[in-house]
Amino acid sequence: MEDKRVGKSNRSKAICITVIVLLCIGLTGLFLMEYRSGNTNRKQKGSKNRTAEQTEQPIDWDSLQKVKLNHHKYGLLHKVTSWLIIGTDVSGNQDGIGEDYQGAMADFMLLVVFDEENHSYGMLQLNRDTMTEIHLLDNKGEGEATADIQLCTAHWYGGNRQQGCENTITAVSHLLGGVPIDGYYELPMKAIPVLNKQVGGVTVTLEDDFSSVDAAMVKGKTITLSDSQAFHYIHDRYGVGDEENTSRMRRQRQYMSAFADKAKQKTAEDNQFAATLLNALDSYAISEINQNDLMHYLDTINEYQSQGMLTIDGKLKLGKALGDGLEHREFYADAASIEQIVKKLYPLMEQPKTNK
């Protein structure tokens, strides 16, 4: 959602920045922002001292927003900014209206968290098959029923893409103990060929065999992916390797890094690269992110320490929780792993014994 206070010239700049940052956050894991900063692993001078001083101040536990992780209760010490980047699959009927609308499933989810006070940021790539509570919204975006099913299905419910994104945010927040998530950026996976085209193809060494869909895509071969090949490499999993989403997530991270290298090159060669990218993807993406916040973090990211890209540990099995009579992959996230990761990304204080 655009902040109306942004002036016309700033608005134009912000739109271009949105494309650079969001796509390079969501699809290249903040690598481009790391390139701009030069060294994001460098800690901001005095950040530790500020944190220590803050913890020495009396803290009103009751005033803190609460987060519950692995049967432990925490309070959020200060506000952070977090955005969920969503890549949807080719299922559903998102062009439909009313009862004809059917949301697509979220194949790719990346939570990006900025902590301004501690001068840090980090990313969490989420497994689409993660089992968690999902709100079963109707086509009006209403409904109280919930079910413990795959995280990817949250985007399936609701009467439009915006409601699907909001429902996905609700599900991710619940999975992570109730952490706040401020906005979203959603891009259908079918736009991957368009994205790939803008950088002239991405070069990778194929981690799995895709020769059943393209004879040139043999495991171990290093190739510059064509636009259709890029889609298959990021999207496909059935009939590929072990068919697990964790393997596809690994390929997505590989593509992110390689895409970042090409994006850096394009940005250095052409200062209009952002605008070109915007024009190419404008008809595909939707977002609700505050432009002022976006501009702020772009301007200050060189002062922040990167926490890296994280993933949650867990166990995978086949199950019928989806209720269609078929077996589907179900990823059961490890509660201790979730707790560890959320504590790394969010400034949390465990509940004092006197308040228990």
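Residues numbered from 1 in each chain as written. Predicted model: local features only at pLDDT ≥ 70, side-chain atom pairs only at ≥ 80, totals over all residues. Heavy atoms only, no water.

## Observations concerning the overall build of the chain
Then step 1. Secondary structure summary: the chain contains 10 helices and 15 strands in total.
Then step 2. Working note: accessible area of the chain is about 16700 Å², and carbon and sulfur atoms make up 47% of it. (Helix = DSSP H or I, 4+ residues; strand = E, 2+ residues; numbered from the N terminus. Areas by Shrake-Rupley, 256 points an atom, 1.4 Å probe, with all protein chains shown as cover.)

## Some remarks on the packing of aromatic side chains
Then step 1. All chains considered together, the criterion is met by five aromatic pairs.
Then step 2. Taken together, a centroid distance of 6.1 Å and an interplanar angle of 35° make the contact between Phe114 and Tyr121 tilted. Residue Phe114 shares its accessibility class with Tyr121, and that shared class is buried.
Then step 3. A network of ring pairs unites the aromatic residues Trp83, Phe114 and Tyr121 as a single cluster.
Then step 4. For Lys66, the ring lying beneath its charged end belongs to Trp61, and the centroid distance is 5.0 Å. (Phe/Tyr/Trp six-rings, centres within 6.5 Å; stacked < 30°, edge-to-face > 60°. Buried < 20%, exposed > 50% of the residue type's maximum accessible area, 1.4 Å probe, protein only. Lys NZ or Arg CZ within 6 Å of the ring centre and 35° of its normal.)

## Looking at helix H6 (residues 227-235)
Then step 1. Here H6 has its buried residues at Gln229, Ala230, Phe231, Tyr233, Ile234 and His235.
Then step 2. As for H6, its buried residues are in contact with strand S4 (106-115), helix H5 (192-198), strand S9 (202-205), strand S10 (222-225) and helix H7 (245-269). (Contact = heavy atoms within 4.5 Å.)

## A look at the pattern of salt bridges
Side-chain pairs of opposite charge can arise whenever the charged atoms involved come near each other.
Then step 1. This structure, assessed with the given rule, holds 11 salt bridges.
Then step 2. Here Asp107 and Arg248 are joined by a salt bridge, their closest N and O atoms 3.2 Å apart. Linking Asp107 in strand S4 with Arg248 in helix H7, this pair joins segments that are 141 residues apart in sequence. Residue Asp107 shares its accessibility class with Arg248, and that shared class is buried.
Then step 3. Here Arg250 makes a salt bridge to Glu207, at a shortest N to O gap of 2.7 Å. One end of the pair, Arg250, is in helix H7; the other, Glu207, is in the loop between S9 and S10, with 43 residues separating them in the sequence. (Salt bridge = Lys/Arg side-chain N within 4 Å of Asp/Glu carboxyl O.)

## Some words on the environment of His235
Then step 1. Inspection of the secondary structure puts His235 in helix H6.
Then step 2. What makes His235 buried here is its relative accessible area of 15%.
Then step 3. Sequence separation between His235 and Lys190 is 45 residues, and the spatial gap between their C-alpha atoms is 8.9 Å.
Then step 4. When near neighbours in sequence (up to four residues on either side) are disregarded, His235 contacts Asp89, Val90, Asp107, Met189 and Arg248.
Then step 5. In this structure the side chain of His235 is engaged in a polar contact, spanning 3.0 Å, whose partner is the side chain of Asp236. (Polar contact = N/O pair within 3.5 Å; in protein donor to acceptor, adjacent residues only side chain to side chain.)

## Considerations on the sheet that holds strand S15 (residues 348-350)
Then step 1. What the three strands build is an open sheet, ordered S1-S2-S15; its pairing is antiparallel. For this open sheet the edge positions go to strand S1 (65-69) and S15, each flanked by a neighbour on one side alone. When strand polarity is set aside, the average angle formed by the axes of neighbouring strands in this sheet is 35°.
Then step 2. The sheet contact formed by strand S2 (residues 72-76) and S15 spans three bridges and is antiparallel. Paired with Leu76 across the strands is Leu348, a residue of S15. (Pairing = 2+ DSSP bridges. Axes fitted to C-alpha atoms, helices over the stretch in contact; angles between N-to-C directions.)

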